[in-house]
Amino acid sequence: ILINFYQYYSSIPRENIKETIGEVLCYEKGRKRSAKVFFQYKKHNYFTLISDYYVIGEKFIVEYEQDNPKANYVRLDKPVFLKGEDTSLTVGYLETYNTNYFKIISYTYYVNGVKYVKYYEPLENSELKYPNAKEGYNYMVKYWNFDPQRSIILLDKKTNKSLYDN
């Protein structure tokens, strides 16, 4: 069923795909716990399930078919903060970036002495967008003050600051 959805979704003409912001609002329990990402279209609420390692309040770009918003795709490679959200910056250490086996970004950062480790999918063609991003270097990390587990590493903001300066 999953393969059929991706085949269907990828066959939708790009001009019929729209974008909006979706937010993780709760978790769903079942055979496997999942996070629910909600978004609105024409005053209707829609949701889709993603992995449960995302935080309540985390936001992503959601692509959906204009005439059938139930056909949607959460861009886990595109986490976002909205203008006006209470965020701060810290230093993060890029541990994993686009390995040969798994396409993933993982990084470590500290906020108020607490260590956080975050994982998410890299942008499609991220090697082209961030050609200088390399494992083993420090980059600035933007995090949500309400829950610092929600964060985005800024791969265009390499820094010489120490991970422990904060």
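Just so we're clear, the structure is a prediction, and the values are computed from it rather than from any experiment.

Colleague: Can you lay out the confidence of the model for the protein chain for me, pointing to particular residues and giving the numbers?
Modeller: Per-residue pLDDT for the protein chain averages 84, and the proportion of residues at 70 or more is 88%. Taken element by element, the predicted model of the protein chain shows its lowest mean pLDDT in helix α1 (residues 2-11) (56) and its highest in strand β9 (residues 138-144) (95).

Colleague: So what's going on with the pairing of strand β4 (residues 59-65)? Which residues, and what values?
Modeller: The buried fraction of β4 amounts to seven of the seven residues, a majority that puts the element mostly inside the structure. Pairing analysis gives seven bridges linking strand β1 (residues 17-28) to β4, with the strands arranged antiparallel. Bridging across to β4, I21 finds its partner in I61. Here β4 runs beside strand β5 (residues 68-80); their pairing, made up of seven bridges, is antiparallel.

Colleague: Break down the sheet that holds β5 for me, citing the residues and quoting the values.
Modeller: Read from one edge to the other, the open sheet built from five strands follows the order β3-β2-β1-β4-β5, with strand pairing classed as antiparallel. Whereas interior strands pair on both sides, the edge strands pair on one side only; in this sheet they are β3 (44-51) and β5. Taken pair by pair, the neighbouring strands of this sheet meet at an average axis angle of 40°, ignoring direction. As paired strands, strand β2 (residues 34-41) and β3 are joined by eight bridges and run antiparallel to one another.

Colleague: Mind laying out a nonpolar patch on the surface, listing which residues take part and the relevant values?
Modeller: Taken together, Y53, V117 and Y119 make up a surface patch of nonpolar side chains, about 300 Å² in accessible area. Summarising the element assignment, Y119 is placed in strand β8 (residues 114-120). Look at Y119 and you get partly exposed, because its relative accessible area is 41%.

Colleague: I'd like a description of the side chain of S151, backed by residues and values.
Modeller: On the secondary structure map, S151 appears in strand β10 (residues 151-158). For S151, the side chain forms a polar contact with the side chain of Y107, separated by 2.8 Å. Excluding residues within four positions of it along the chain, S151 makes contact with E58, F81, Y107, Y109, K118, V141, K142 and Y143.

Colleague: So what's going on with the packing of aromatic side chains? Residues and values would help.
Modeller: The final tally for this structure, using the stated rule, is nine aromatic pairs. Relative to F47, the ring of F38 has its centre 5.7 Å away and its plane inclined at 40°; by these criteria the two rings are tilted. On the accessibility criterion, F38 (24% relative accessible area) is partly exposed. Assessed through its relative accessible area of 41%, F47 is described here as partly exposed.

Colleague: So, the pairing of β2: which residues are in play, and what are the values?
Modeller: The buried fraction of β2 amounts to six of the eight residues, a majority that puts the element mostly inside the structure. Looking at chain direction, β1 and β2 are connected through five bridges and run antiparallel. Among the inter-strand pairings, E28 is bridged to a residue of β2, identified as S34. Hairpin connection of β2 to β3: two residues between the antiparallel strands, including K42 at a positive phi of 50°.

What counts, and where the lines are drawn
- Residues numbered from 1 in each chain as written.
- Predicted model: local features only at pLDDT ≥ 70, side-chain atom pairs only at ≥ 80, totals over all residues.
- Heavy atoms only, no water.
- pLDDT = per-residue confidence, 0-100.
- Helix = DSSP H or I, 4+ residues; strand = E, 2+ residues; numbered from the N terminus.
- Buried < 20%, exposed > 50% of the residue type's maximum accessible area, 1.4 Å probe, protein only.
- Pairing = 2+ DSSP bridges.
- Axes fitted to C-alpha atoms, helices over the stretch in contact; angles between N-to-C directions.
- Patch = residues over 30% accessible without salt bridge, like charges linked within 9 Å, V, L, I, M, F, W, Y side chains within 5 Å.
- Areas by Shrake-Rupley, 256 points an atom, 1.4 Å probe, with all protein chains shown as cover.
- Salt bridge = Lys/Arg side-chain N within 4 Å of Asp/Glu carboxyl O.
- Polar contact = N/O pair within 3.5 Å; in protein donor to acceptor, adjacent residues only side chain to side chain.
- Contact = heavy atoms within 4.5 Å.
- Phe/Tyr/Trp six-rings, centres within 6.5 Å; stacked < 30°, edge-to-face > 60°.

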